[in-house]
Amino acid sequence: MQNLAPIALFVYNRPDHTRRTISYLQQNLLADETRLYIFCDAAKTDADKTKVDEVRQLVKDVTGFKSVKVIVREHNLGLAESVISGVTQLVYEYGKVIVFEDDLLSSPYTLQYFNDALNRYANEEQVMHIGAYMYNLHDKSLPETFFYRAATSWGWATWARAWRNFEPNVDKLIEQFDTLKIAQFSIEGKMNFWKQIQQFKAGKNNSWAIRWYASIFLKDGLTLNPSQSLIQNIGHDGTGVHSNNEDIYQVQMTRKPVKQFPDIIEEDEQAYKAIKHFLANRKGSLMQRVVRFVKQKMG
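K.L.:
Would you explain the overall build of the protein chain in this entry?
P.N.:
Helix and strand counts for the protein chain come out as 11 helices and 10 strands. Its C-alpha atoms give the protein chain a radius of gyration of 19 Å, near enough to 19 Å, the size a compact globule of 299 residues would have. Seen through its C-alpha atoms, the protein chain measures out along the principal axes to roughly 50 × 50 × 40 Å. Buried positions account for 53% of the 299 residues belonging to the protein chain. Within the protein chain, contacts between residues at least 6 apart in sequence are counted, and of these 82% link residues at least 24 apart. Total accessible area computed for the protein chain in this model is approximately 14600 Å², and 48% of it derives from carbon and sulfur atoms. Of the charged side chains in the protein chain, 37 are positive and 34 negative; the average position of the first set lies 3 Å away from that of the second.

If you want it as structure tokens, here you go:
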């Protein structure tokens, strides 16, 4: 019997998204051997209560896994606190965890990918995070999986040994950055990662993910990623807490199992360049940006 990582699924007030996320997880190889923990946050406002209750009713009857445990919060924690406490609880108990939010569709091979990678790199201190989502990269000659510096948060996994390095205090993170590190952290200014850190400091976002990436980066950690995404995010329809209605990050999910993993533990330069190119061009031409802006306003 293989020692499979449990899944932490964080849900709130989107019954349709939650239903689809669970349905895709149920179709995964290894689902029936995997323990599923569903963390249900409490309503932040009275307006959210009906949908929150609907989600709680829905998850009570989930089957198709080795076991299903529903954790119902009495008070609203918010996504960041929910994720941090849920992940901490499960890595403490199992030594590793696979993390999903309520708007992520998975390939039938996503759990297999996570578990293979968790086993393969279990004792590699520098490998701190496994991501399953990948942008629609232009370069089709990349290896099946590769190491990269940044951590994606749409379907991911980690170990207790890595999660111990998570630093929630943003001031402690900021004081370790200099100009060069800021440039490296933000993919040479192609992604607004440093801005997200500053916005967190200013109270404008409550992201656990940007603090997790910063924690990994400051330890010279690496993240494993697939060149073909094993996750499709369906949350960019304006329903999410932190999401806009946009299609920049739409991908075709791969329908094949992942067979190849890197032997050398270092950032893949070709993949880094491909991601940098994607990030630099992701918003398209000025005309495309205007069209998207108008669509968002009308949506």
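K.L.:
Sorry, what's going on with the sheet that holds strand 8 (residues 156-159) here?
P.N.:
The strands making up a sheet are joined through hydrogen bonds of the backbone, oriented either antiparallel or parallel. The mixed open sheet is built from 8 strands, whose spatial order is 3-2-1-4-8-6-9-7. Of all strands in the sheet, those bounded by a partner on one side alone are strand 3 (67-72) and strand 7 (145-148). Each adjacent strand pair in this sheet contributes to an overall mean axis angle of 25°, direction not counted. Pairing analysis gives 4 bridges linking strand 7 to strand 9 (residues 222-226), with the strands arranged antiparallel. From the neighbouring strand, Phe 147 faces strand 9, where its bridge partner is Leu 224. Of the strands in this sheet, strand 4 (96-101), strand 6 (127-131), strand 8 and strand 9 touch helix 9 (residues 208-218), which is tilted by about 140° from strand 6.

K.L.:
Would you mind showing me how to read the packing of helix 8 (residues 193-201) against helix 9 here?
P.N.:
The description of two helices packed together rests on the angle between their axes and the distance between the axes. Running from N to C, helix 8 and helix 9 cross one another at 120°; their axes reach a closest spacing of 10 Å. In this view, helix 8 runs oblique relative to helix 9, as classed from their interaxial angle. As helix 8 packs across helix 9, the resulting crossing turns out to be left-handed. Along the contact surface, helix 8 presents Phe 193, Gln 196, Ile 197 and Phe 200, while helix 9 presents Ile 210, Arg 211, Tyr 213 and Ala 214. Partitioning the contact of helix 8 with helix 9 into residue classes produces 6 nonpolar, 1 polar and 1 charged.

K.L.:
Looking at this model, I keep getting lost on a nonpolar patch on the surface. Mind explaining?
P.N.:
Judged by side-chain polarity, Val 68, Val 70 and Val 72 come together as a nonpolar surface patch covering roughly 170 Å² of accessible area. Within the fold, Val 68 resides in strand 3. For Val 68, a relative accessible area of 30% gives the class partly exposed.

K.L.:
Teacher, can you tell me more about the pairing of strand 9 here?
P.N.:
It is a general feature of regular strands that their side chains alternate between the two faces of the sheet. The buried count for strand 9 comes to 5 of 5 residues, which makes it a mostly enclosed element. Of the two faces of strand 9, the one holding Leu 222, Leu 224 and Pro 226 and the one holding Thr 223 and Asn 225 are both buried throughout.

K.L.:
Just checking my understanding: could you explain the side chain of Arg 73 for this structure?
P.N.:
Mapped onto the secondary structure, Arg 73 falls in the loop between strand 3 and helix 3 (78-94). The buried charged residue Arg 73 lacks any salt bridge, with Asp 41 as its nearest oppositely charged partner at 5.7 Å. A distance of 3.3 Å separates the side chain of Arg 73 from the side chain of Ser 85, its partner in a polar contact. Sequence-distant contacts of Arg 73, defined by excluding residues within four places in its chain, comprise Phe 39, Cys 40, Asp 41, Ala 42, Arg 56, Ser 82, Ser 85 and Gly 86.

K.L.:
Just checking my understanding: could you explain helix 10 (residues 269-281) for this structure?
P.N.:
Since one α-helical turn is 3.6 residues long, residues separated by three or four positions face the same way. For helix 10, which comprises 13 residues, the first-to-last C-alpha distance of 18 Å matches the rise-based estimate of 18 Å (1.5 Å per residue) to within 8%. Inspection of helix 10 places Ala 271, Tyr 272, Ala 274, Ile 275, Phe 278 and Leu 279 among the buried residues, and these make up the whole buried set. The buried side chains of helix 10 occupy one side of the element, clustering within an arc of 165° when seen end-on. Looking at helix 10, the residues exposed on the side facing more than 90 degrees away from the buried face are Glu 269 and Lys 273. Looking at the buried positions of helix 10, the neighbouring elements they touch are strand 7. Backbone nitrogen of Gln 270 and a side-chain oxygen of the N-cap are separated by 3.0 Å at the start of helix 10; the cap is Asp 268.

K.L.:
Would you mind going over the pattern of salt bridges with me for this structure?
P.N.:
Opposite charge on two side chains allows them to pair when their charged atoms are near. Under the counting rule described, the total for this entry stands at 9 salt bridges. For Arg 149, the salt bridge identified is with Glu 267, shortest N-O distance 2.7 Å. Separated by 118 residues along the polypeptide, Arg 149 in the loop between strand 7 and strand 8 and Glu 267 in the loop between strand 10 (231-233) and helix 10 bring together distant segments of the chain. Its relative accessible area of 23% is what places Glu 267 among the partly exposed residues. Here Glu 269 makes a salt bridge to Lys 273, at a shortest N to O gap of 3.7 Å. Placement of both Glu 269 and Lys 273 in helix 10 is noted, with a separation of 4 residues, approximately one turn of the helix.

Rules used in this analysis
Residues numbered from 1 in each chain as written. Predicted model: local features only at pLDDT ≥ 70, side-chain atom pairs only at ≥ 80, totals over all residues. Heavy atoms only, no water. Helix = DSSP H or I, 4+ residues; strand = E, 2+ residues; numbered from the N terminus. Rg over C-alpha atoms; globule rule 2.2 N^0.38 Å. Buried < 20%, exposed > 50% of the residue type's maximum accessible area, 1.4 Å probe, protein only. Contact = heavy atoms within 4.5 Å. Areas by Shrake-Rupley, 256 points an atom, 1.4 Å probe, with all protein chains shown as cover. Lys, Arg positive; Asp, Glu negative; His and termini not counted. Charge placed at Lys NZ, Arg CZ, Asp CG, Glu CD. Pairing = 2+ DSSP bridges. Axes fitted to C-alpha atoms, helices over the stretch in contact; angles between N-to-C directions. Parallel < 35°, antiparallel > 145°, perpendicular 65-115°, else oblique. Left-handed = near helix turned anticlockwise from the far one by under 90°. Nonpolar A, V, L, I, M, F, W, Y, C, P; charged D, E, K, R; others polar. Patch = residues over 30% accessible without salt bridge, like charges linked within 9 Å, V, L, I, M, F, W, Y side chains within 5 Å. Salt bridge = Lys/Arg side-chain N within 4 Å of Asp/Glu carboxyl O. Polar contact = N/O pair within 3.5 Å; in protein donor to acceptor, adjacent residues only side chain to side chain. Expected span 1.5 Å × (residues − 1). Arc of directions from axis to C-beta.

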